[in-house]
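# Residue-level structure breakdown
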Amino acid sequence: MVEMFDGKFLIDGEWSKSDSGSTIRVLNPATGQTIGEVPNGSVEDTKRAIDAASQALSKWREFTPHERARILFEGARLIKNRSNELGRLLTMEQGKPLSEATGEVIEAADGIEFYAEAATKMHGSVISSEIEHRNLWVQKEPMGIVGIIIPWNYPAAMFSGKAGPALATGNTVVLKPASNTPLTNLEMARAMVEAGIPKGVLNVVTGPGPVVGNEIAKNSKISKVTFTGETETGKQVMRLASDTLKRISLELGGNDPMIVCEDADLELAATGAANGRYGNCGQDCVAPKRLYVHKSVAEKFIKLFLDRVNLIRVGNGLDPETTMGPLNNSAQRADVERLVRDAKDRGAEVLSGGKRPEGESYANGFFYEPTVLVSVPDGSLILREECFGPALPIVQISDMQEGIEKANDSIYGLGASIWTKDVTKAMDAIGQLQAGTVWVNACSDTPINVPFGGIKQSGFGRDHGTEALEAYCEMKSVTINSKRSGQ
Ligand code: NAD
């Protein structure tokens, strides 16, 4: 018997269905079976949520940061207490292995705690005046209603990294989960309600991006939209938000280069590449997606890398033996297949994978083998577009400078990594690489206390870090004239 989850919206503190009565089915990507339904939100449903957030705003703003923090800490505690249950739910709707899913839920709760605490430490500034009796300061205030639009690859982490700072700084929220992974987000919201978040402060509306997401992006009552997802969708959100000059932050796609120099610790680099590229079945915005290795060490590196790839166990994420689950949906798998096919057609050689795994247990899920491509010609689509799945093209380079030039030859600028034991070389690369994050002898880590985001068409604005708190506040400059008449 398949477990069925009956999801409902959270609007104005109430769990409700869509006015239209229609629903969206949520699939388990490992089995293709329906595991639940959530309301198929309409524009009217979204407006109801925005109105609730608007009603709740003045009261929530007046809570002290400490009062808000107490509620957020309690919500985080409940999420942690339920991490096994929520991790299982996340595996069932997203596909990732249970250990990764439970880890994500716990980290998400840690993130909410981080922002609850950090918001109590924020301060404004007092500015000296050149005019007598003028008292000048800058205070930070909530922006208003924040619209949050979330993708399906890390739904729990995104909830925490966006709703955490938005709520902690006194904004109210209308959050739209991805339609493939709404259940974990709804359960996280349930924990916040149980923790005592006042009604209307946090609203969650499920439904299609072009309906619910569009309304969030364009509704004039919303002050800020924070979006994570594909670059093309981000551009659409930006266009819609521009009519009302909303504040926006866009965390978009990436095509992260990884450069392995001739003096790199090759064991470390091979482990980093395998964990980074195949974790979350490659559906990670900061996975290494193009690997440039110095030709003098290419053979040795590839051998070490293949040793690690061969250890990957593809399967249903609920099976404890599984180290890589399915892709989240069939369209995503088709896209990876398209990019691998294009590289092969241009002459690339497949050293591992390059196809769906065979066998009954894989028949109905969206599985794809961990794939390694070498001799990938310049111009191959997999070197230019974002491959959001478990395939890594490896290209040989003659020196680091060639690697950097190839790395920077991209519309994206999310992350980049350089692997070398030479600190001078590393410093040179850090300066030259066009990316929001550069790692040296590491890749793909995005800790909650370090600002994270892209440059170029990977977007703008930063999640994570105390910097993200500022991104949910407006600055208000205040002048008080304390002069008395006759003075
Ligand atoms: P997506 O753009 O398809 O969807 C993201 C969200 O936007 C979903 O909730 C979707 O319903 C909604 N949406 C779709 N159309 C919309 C519209 N017209 N208006 C408003 N909202 C709309 O992205 P996805 O496939 O869910 O996620 C994968 C992408 O996310 C990848 O490109 C990946 O690199 C990117 N990503 C980036 C980061 C980062 O921090 N830079 C992190 C994770 C994922």
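Residues numbered from 1 in each chain as written. Predicted model: local features only at pLDDT ≥ 70, side-chain atom pairs only at ≥ 80, totals over all residues. Heavy atoms only, no water.

Further remarks concern the sheet that holds strand S17 (residues 391-397). Spatial ordering of the open sheet is given by S15-S16-S17-S14-S13-S19-S20, a layout of seven strands whose pairing is mixed. The open sheet has two edge strands, strand S15 (349-352) and strand S20 (437-440), and neither has a second partner. Each strand of the sheet is rotated relative to its neighbour by a mean of 20°, with strand direction disregarded. Where strand S13 (residues 257-260) and strand S14 (residues 290-294) come together, four bridges link them in parallel fashion. Looking at S14, one finds that Pro 257 is bridged to Arg 290. (Pairing = 2+ DSSP bridges. Helix = DSSP H or I, 4+ residues; strand = E, 2+ residues; numbered from the N terminus. Axes fitted to C-alpha atoms, helices over the stretch in contact; angles between N-to-C directions.)

The next thing to look at is the nonpolar core. Ranked by internal contacts, the top residues of the largest apolar core, which has 58 residues, are Phe 301, Phe 305 and Ile 394. At seven residues, the largest contribution of residues to this core is made by helix H10 (residues 298-309). Judged by nonpolar contacts, the second largest core, of 53 residues, contains Val 26, Ala 69, Ala 76 and Met 158. (Core = buried A, V, L, I, M, F, W, Y, C linked by side-chain atoms within 4.5 Å. Buried < 20%, exposed > 50% of the residue type's maximum accessible area, 1.4 Å probe, protein only.)

Once that is clear, we can look at the site of the ligand. What surrounds the ligand is a group of 28 residues, the closest being Ile 150, Thr 233, Leu 252, Cys 285 and Glu 386. Contact distances for the ligand include 3.4 Å between an oxygen atom and a backbone N or O atom of Gly 229. Here an oxygen atom of the ligand sits 2.9 Å away from a polar atom, N or O, in the main chain of Glu 230. Within the residue set of the shell around the ligand, elements represented by two or more residues are helix H7 (209-218), strand S11 (222-228) and helix H8 (231-242). (Near = heavy atom within 4 Å. Polar contact = N/O pair within 3.5 Å; in protein donor to acceptor, adjacent residues only side chain to side chain.)

Glancing now at the domain arrangement of the protein. When cut into domains, the protein gives domain 1 (5-252 + 458-476) and domain 2 (257-440). Placing a centre on the C-alpha atoms of domain 1 and another on those of domain 2 gives a separation of 31 Å. Opposite the 24 residues of domain 1 that make contact, domain 2 presents 28 residues. Summed over both partners, the interface of domain 1 with domain 2 comes to about 2,000 Å²; 52% of that surface belongs to carbon and sulfur atoms. There are zero salt bridges connecting domain 1 and domain 2. Linking domain 1 to domain 2 there are 12 residue pairs in polar contact (both at pLDDT 80 or more). Of all the elements in the fold, those that place two or more residues in the side of domain 1 that touches domain 2 are helix H3 (83-94) and helix H4 (98-119). Class assignment of the residues belonging to the side of domain 1 that touches domain 2 gives a composition of nine nonpolar, 10 polar and five charged. (Domains from an automatic or database assignment. Contact = heavy atoms within 4.5 Å. Buried area = accessible area lost by both parts, 1.4 Å probe. Salt bridge = Lys/Arg side-chain N within 4 Å of Asp/Glu carboxyl O. Nonpolar A, V, L, I, M, F, W, Y, C, P; charged D, E, K, R; others polar.)

Moving on, we come to unusual backbone geometry. Of note in this structure, Asn 280 is not a glycine but carries a positive phi near 55°. Here Asn 280 is to be found in the loop between helix H9 (266-278) and S14. One non-glycine residue, Ser 444, lies in the positive phi region at around 70°. Structurally, Ser 444 can be placed in the loop between S20 and strand S21 (455-456).

Once that is clear, we can look at the pairing of strand S9 (residues 172-176). Counting buried residues in S9 gives five out of five residues, a clear majority hidden from the surface. Of the two faces of S9, the one holding Thr 172, Val 174 and Lys 176 and the one holding Val 173 and Leu 175 are both buried throughout. Sheet topology places strand S8 (residues 145-149) next to S9; five bridges connect them, and they run parallel. By the bridge assignment, Ile 148 is partnered in S9 with Leu 175. The pairing of S9 with strand S10 (residues 202-204) spans three bridges and is classified as parallel. Across the sheet, the residue bridging to Leu 175 is Val 204, located in S10. In this region the chain leaves S9, passes through helix H6 (residues 182-194) and returns to the parallel neighbour S10; the handedness of that crossover is right-handed. (Right-handed = clockwise from strand over helix to strand, strands pointing away.)

The next subject is the sheet that holds strand S4 (residues 23-27). With mixed pairing, the three strands of this open sheet are ordered in space as S1-S5-S4. Whereas interior strands pair on both sides, the edge strands pair on one side only; in this sheet they are strand S1 (5-6) and S4. Strand direction decides the pairing type here: S1 and strand S5 (residues 34-39), joined by two bridges, are parallel. Directly across from Phe 5, in S5, lies its bridge partner Gly 36.

Here we come to the packing of helix H1 (residues 43-62) against H7. Remark: H1 packs on H7, axes separated minimally by 9 Å, with the N-to-C direction vectors making an angle of 40°. As far as their axial angle goes, H7 and H1 are oblique. Here H1 runs over H7; the crossing is right-handed. Between H1 and H7, the residues in contact are Val 43, Thr 46, Lys 47 and Ile 50 and Val 211, Val 212, Glu 215 and Ile 216, respectively. Of the residues assigned to the contact of H1 with H7, the class counts are five nonpolar, one polar and two charged. (Parallel < 35°, antiparallel > 145°, perpendicular 65-115°, else oblique. Left-handed = near helix turned anticlockwise from the far one by under 90°.)

Along the chain, Ala 416 turns up in strand S19 (residues 415-419). As a C-alpha pair, Ala 416 and Gly 254 span 162 residues in sequence and 9.6 Å in three-dimensional space.

Under the criterion given, the structure shown has 32 salt bridges. Notably, a salt bridge pairs Glu 262 with Lys 425, separated by 3.5 Å at the nearest N-O pair. Linking Glu 262 in the loop between S13 and H9 with Lys 425 in helix H14 (residues 423-432), this pair joins segments that are 163 residues apart in sequence. Residue classification places Lys 425 among the buried positions, given a relative accessible area of 18%. A salt bridge links Asp 409 to Arg 384; the shortest N-O distance between them is 3.5 Å. Here Asp 409, found in the loop between helix H13 (400-408) and strand S18 (412-413), pairs with Arg 384, found in helix H12 (residues 381-384); they are 25 residues apart in sequence, far enough to count as distant. Linked by salt bridges that have partners in common, Asp 6, Lys 8 and Lys 17 make up one network.

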